[in-house]
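Here's the letter readout for the chains.
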2 protein chains.
Amino acid sequence: MVALLELGALLLVVTACQGRYEEEVDGPNIINSEYGSLWPLPQNIQISSVAFSLSSNTFQIVHSQQSSAGPNCYLLQNAFRRYFEYMFGFTKKQGRYRSGLASDVSELQVWITSADPECYTYPSVTSDESYELTVDQPIAVLKASKVWGALRGLETFSQLVYEDDYGARNINKTAILDFPRFAHRGILLDSSRHFLPIKVILANLEAMAMNKYNVFHWHIVDDHSFPYQSPSFPDLSQKGSFHPYTHIYTPSDVKMVIEFARTRGIRVVSEFDTPGHTQSWGKGQMGLLTPCYAGDTPTGTFGPVNPILNSTYEFMSQFFKEVSAVFPDAYVHLGGDEVDFTCWKSNPDIKKFMDEQGFGTDYSKLESFYIQKILDIVAATNKGYMVWQEVFDNKVKLKPNTVVGVWINNKLDEELHKVTAAGYTTILSAPWYLDYISYGQDWQRYYKINPDTLVQVWKGNEQKYQEEMAAVTAAGFQTLLSSPWYLNRISYGQDWQQIYKADPQNFNGTEEQKKKVVGGEACLWGEYVDATNLTPRLWPRASAVAERLWSDKSVTNIDDAYSRLVQHRCRMVERGIPAEPLFVGYCKHEYKGL
Amino acid sequence: MVALLELGALLLVVTACQGRYEEEVDGPNIINSEYGSLWPLPQNIQISSVAFSLSSNTFQIVHSQQSSAGPNCYLLQNAFRRYFEYMFGFTKKQGRYRSGLASDVSELQVWITSADPECYTYPSVTSDESYELTVDQPIAVLKASKVWGALRGLETFSQLVYEDDYGARNINKTAILDFPRFAHRGILLDSSRHFLPIKVILANLEAMAMNKYNVFHWHIVDDHSFPYQSPSFPDLSQKGSFHPYTHIYTPSDVKMVIEFARTRGIRVVSEFDTPGHTQSWGKGQMGLLTPCYAGDTPTGTFGPVNPILNSTYEFMSQFFKEVSAVFPDAYVHLGGDEVDFTCWKSNPDIKKFMDEQGFGTDYSKLESFYIQKILDIVAATNKGYMVWQEVFDNKVKLKPNTVVGVWINNKLDEELHKVTAAGYTTILSAPWYLDYISYGQDWQRYYKINPDTLVQVWKGNEQKYQEEMAAVTAAGFQTLLSSPWYLNRISYGQDWQQIYKADPQNFNGTEEQKKKVVGGEACLWGEYVDATNLTPRLWPRASAVAERLWSDKSVTNIDDAYSRLVQHRCRMVERGIPAEPLFVGYCKHEYKGL
């Protein structure tokens, strides 16, 4: 009934797409992309029409002789197994392959070229994810400086493999040189508004790797529940979670998530949002939140964190010391968004403090006061920090760290970070001053700016967030875009196209400013999602963001994208991810997990 | 981030709901419903505060001595097992129950009061679903005239059972007298735009039973694919399905679906929509569709079914003869919607035929011509039929069946149906003429109306569909409402509330007209859903429709509904149905099926 009526003209074009997954697709003009099912599209790619066979019982993925990585690089060993299973597992289960058959391509040799492959380190915002892939007969070679590039290249290789009509695997002669457009390509999941079982988080980390995402922004706690089990403050989850045993993340759970992510080249950036969004903290930490008043009498309800008590900062110091140890990533997200001043205004002790400090009635000064102390606390743990845009909007003066944090897009930070990790402190270095020069007229306001502050832009329509990106970068901050990618928002139809069209560098600004854009994040807030519907709601819509953040800026052809994405979506389904359909059609191997 | 901003005032009211499932719920004002987790709400109910214990190792569901049904009523035996598992299965898996414990309520006695319990028949639109339930110590009694009422009562009994803090089961002293407000409470699933694996269909039949739905409207074929495997015309699915082996419904599949539905008191009404929406038919049945022309030359594309060929009607006769045998329900849905005249207009042979028939250029006359022949064909199979509203809108004159079909809301049809099923024909009977009197001023246009035509209203906003309901019923047709319940349409937020507020009898009309409203159907069209996301998209949103169609018209309190629905949703999750969350919160037993 609804089809012709609602889709109107779309259905007048009904074409069969003979893509490898043979998904019939209506809607955009259907073309059969020369790039097959590749997603996100590599930076430089040459695919010949020459097809080679791959046989699961002769083909193998191996370390090349020259590689600095070997069998004891477990991260790669796991990846070899994982991608072999992706490429042949289904066929083998189906018993389809013709045994004894020789492969035209008998080996994929993985060659890590740098002295330190980084098998045992954690990925960082400066990790080298570039790789070079040559598929030829009889040997395919994947060259990468580090394991991180090898992981991306293995995903790309697996995407080049396709089934013929007999279910046999083939791959075309191909040459690819690839690297990400942006260094920070993240997904935010919210485990506070609904608890997300570990298996849901792991399944989505798998899907992230299939889409070359490299940051899991774990919005782990919020007003509604506190599932993070803190060894230092067990009452936080004991009293602040939905359930103290079934709805918490134990230290082992967190360790597992971090290692699962690491072996896929994904960072885990934890967010502990304060001073707002902390209702659940108050249940397990008496005296942490501000008592709200009606006139002279406490109402029994509580507002944001109480910024006027020493006990607050003693707690935060100890808490963030633990967090910085539990989460190895160089960044922690401190939130700082949507601070409601109502309760602060109602509280007589806070009024008194405001007077003493000479803040008058400007409560954003009190917010700055609090956040500056928190930044000190976190700086002392040698972490860089991320904040939501309000911290910038409210003109919070960000004190310089006494330790230089992580710079984006150059290698300096690795050196500096080693130094600081070793416990030394360093003074601000030359490159920082160069950067400082570029702050422009705002320099006086921002003379104390901390170069490793990462401001996440999430508010507003296209015009608004472009203005915000311009302002943030003009002020010399590095920034992440999220506004157009709030995937919790849903609407009827093919909304992936709008998601796909947004570009983080599409704002008025200098080249210098554009360089301050570190990347973006797709956010799936938890009001309406849990284990029952999260994964299909996120995928393949988040895949549209993934290509925008990885591929070249010029990759914008909707028809070509659609042709590749329907096949990519079916591949995710075949790999066990319940990615929802983009439109009418089918997958050769439908979702079996229900 | 998003919570406070997007939900605004809602989050100012944060209250904990100590419901049995302890789901924390923000949003509507939270009350703790006196009706617990009952959904849909029974017609008459008295729950006392006296609580009885139930122990899984002593409690049993049995046939009462006076019951006309016994152990050889397999439909009930299956239901006893199913509901025992629902009530205790989870606990037993958890090993939570305290063995050896006696039950305050040791038995639920199921008593079928009428001579024929209908264990082996198919449910119909006139099946008696009423029941009477008394929960007391030591015996609970469920009285129903037929097994259909017993099935509804078992669901209600299972909804009265709740867990205490030790995981032990309890039930309160209760008296319920219940029956449906509407006889036709349906869900439409579309297996053409995406193929739905059998397990998806069965899972949703399970969920339908939990919500007291009684009609599965199977929109089994459409333009995009023809998954129904026809023994008479195997090429239809061989050539018209997405895949001839993996994406079809074999006769065994269909049998299984029908029996699975029957044992849950659910009818399976198949829809074979013609003359439009038939592109996929054309692939396996040469000459069935109208060749479109550009000037004098065929374009190679095809339009609706070709209404001017005898071969068309020979095919349809044979096809619907098969369908009427494969699907035992007394109704078949014939579609008749969205017929596009463009191709007919382009075809010279059709032009010629129009002239011969004196249709001029009024192609709706040609549509009528076709549909009248189809109605004759179906009438000859002793089926009643359903059509989409266009058949009414286009003033198609519906010829009287030579066999009286099924009347709604009285028992006459049972008699007549037996007669006709036995192969006899009967003339229109007195009740029909009584009905005829009520047609009002339109009677001349509708003097040949067929009383068992069921018109389904699906178009338009609230005002439009209310006008349509008024017009259809004024014309003496029975009708079903679907317009406000197109659940494939999605929007951000708690859209269940709008779904819940719509009422099928809320239009300007006489009591006589209101009686013509047989019920409604929630429709989930398949453009954007398949096995990956169908179930959470449908549930619990379809539950809102279920209560509207079952419970009394006066049941409209949103806060009370919300309190019961969050618990009902968690119960569906506990029973293995991935029903999505309504809002922030959690279930004691989260979805494990991922």
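A brief structural summary. Per-chain numbering applies: the sequence of each chain, read as written, is numbered from 1 onward. Here every chain gets a letter starting at A, and every ligand a number starting at 1, in the order they are written. In view of the model being predicted, local features appear only for residues whose pLDDT reaches at least 70, and side-chain atom pairs are presented and counted only at 80 or more, with totals across whole chains, interfaces and linings using the full set of residues. No hydrogens and no water enter the side-chain calculation; it runs on all heavy atoms of the structure.

So, on to the overall build of chain A. Under the DSSP-based scheme used, a helix requires at least four consecutive residues in state H or I and a strand at least two consecutive residues in state E, with every element numbered from the N terminus. The secondary structure content of chain A amounts to 20 helices and 19 strands. The buried label applies to any residue whose accessible area, calculated with a 1.4 Å probe on protein chains only, is under 20% of its type's maximum; exposed applies above 50%, and partly exposed to all values in between. Burial statistics for chain A: of 594 residues in total, 64% are counted as buried. Residues count as neighbours in contact if any of their non-hydrogen atoms are within 4.5 Å of one another. In chain A, 76% of the contacts between residues at least 6 apart in sequence involve partners at least 24 apart. All accessible-area figures derive from a Shrake-Rupley calculation using a 1.4 Å probe, and residue coverage is judged against the displayed protein chains alone. With the model as given, the accessible surface of chain A reaches about 21,300 Å², and the carbon-plus-sulfur share is 53%.

With that settled, consider the environment of A531 of chain B. Take A531 of chain B: it is sitting in the loop between β19 (517-524) and α18 (534-538). With 456 residues separating them in the primary sequence, A531 of chain B and L75 of chain B have C-alpha atoms 28 Å apart.

Right, let's talk about the environment of G167 of chain A for a bit. Residue and element names in this part refer to chain A. Relative to the assigned elements, G167 resides in the loop between β8 (162-163) and β9 (169-178). The class of G167 is buried, set by a relative accessible area of 1%. Taking the C-alpha atoms as reference, G167 lies 31 Å from G265; in sequence the two are 98 residues apart.

Turning our attention to the interface of chain B and chain A. At the junction of the two partners, chain B supplies 64 residues and chain A supplies 64 residues. Here's the idea: put two parts together, see how much 1.4 Å probe accessible area each one loses, and the total over both is what we call buried area. Summed over both partners, the interface of chain B with chain A comes to about 5,700 Å²; 61% of that surface belongs to carbon and sulfur atoms. The working definition used for a salt bridge is a side-chain nitrogen of Lys or Arg within 4 Å of a carboxyl oxygen of Asp or Glu. At the junction of chain B and chain A, the tally comes to 4 salt bridges. One salt bridge connects E580 of chain B with R537 of chain A, and the closest N-O pair in it is separated by 3.2 Å. Taken together, the elements giving at least two residues each to the side of chain B that touches chain A come down to α1 (2-7), α4 (198-210), α18 and α20 (558-574) of chain B. Looking at the side of chain B that touches chain A element by element, the count peaks at 6 residues for α1 of chain B. For this classification, Asp, Glu, Lys and Arg are treated as charged, while Ala, Val, Leu, Ile, Met, Phe, Trp, Tyr, Cys and Pro are nonpolar and the rest, including Gly, are polar. By residue class, the composition of the side of chain B that touches chain A is 31 nonpolar, 14 polar and 19 charged.

Further remarks concern the sheet that holds strand β12 (residues 267-274) of chain A. All names here are of chain A. Pairing between strands is defined by DSSP: at least two bridges between them are needed. Strand order in the closed barrel formed by 8 strands is β10-β11-β12-β15-β16-β17-β18-β19, and the pairing between neighbours is parallel. When strand polarity is set aside, the average angle formed by the axes of neighbouring strands in this sheet is 30 degrees. One ladder, built from 6 bridges, connects strand β10 (residues 184-190) with strand β19 (residues 517-524); its direction is parallel. By the bridge assignment, I187 is partnered in β19 with A522. Geometry is summarised by axes, namely lines fitted to C-alpha atoms with helices restricted to the contacting stretch, and by angles between N-to-C directions that run from 0 to 180 degrees. With respect to the sheet, helix α4 (residues 198-210) is in contact with β10 and β11 (215-219), its orientation differing from that of β11 by roughly 150 degrees.

As a further point, take the packing of aromatic side chains. Think of it this way: a Phe, Tyr or Trp ring, Trp meaning its six-membered ring, pairs with another when their centres are within 6.5 Å, and the plane angle makes it stacked under 30 degrees, edge-to-face over 60, tilted otherwise. Across all of its chains, the model carries 76 aromatic pairs over all chains by this definition. Geometrically, the ring pair formed by F216 of chain B and W218 of chain B is stacked, given 5.4 Å between the ring centres and 25 degrees between the ring planes. Like F216 of chain B, the residue W218 of chain B is buried in the burial classification. R264 of chain A extends its terminal NZ or CZ atom over the ring of F260 of chain A, reaching a point 3.6 Å from the ring centre. Comment: the charge-over-ring label is applied if NZ (Lys) or CZ (Arg) is within 6 Å of the ring centre and within 35 degrees of the ring normal. Seen from the ring of W111 of chain B, K143 of chain B lies directly overhead, with NZ or CZ sitting 4.7 Å from the centre.

Once that is clear, we can look at the sheet that holds β19 of chain B. Residue and element names in this part refer to chain B. Strand order in the closed barrel made by the 8 strands is β10-β11-β12-β15-β16-β17-β18-β19, with parallel pairing throughout. Across this sheet, the average inter-strand angle for adjacent strands is 30 degrees, counted without regard to direction. As paired elements, strand β12 (residues 267-274) and strand β15 (residues 331-335) share 2 bridges and run parallel to each other. Bridge pairing links E271 to H333 in β15.

Between the first and last residue of a helix there are one fewer steps than residues, each counted as 1.5 Å, and that sum is the expected span. Given a rise of 1.5 Å per residue, 17 residues ought to cover 24 Å, and the 24 Å separating the end C-alpha atoms of helix α11 (residues 363-379) of chain A matches this to within 8%. Counting buried positions along α11 of chain A yields 14 of 17 residues, so the element is predominantly enclosed.

These values are about where atoms sit, not about what they do.
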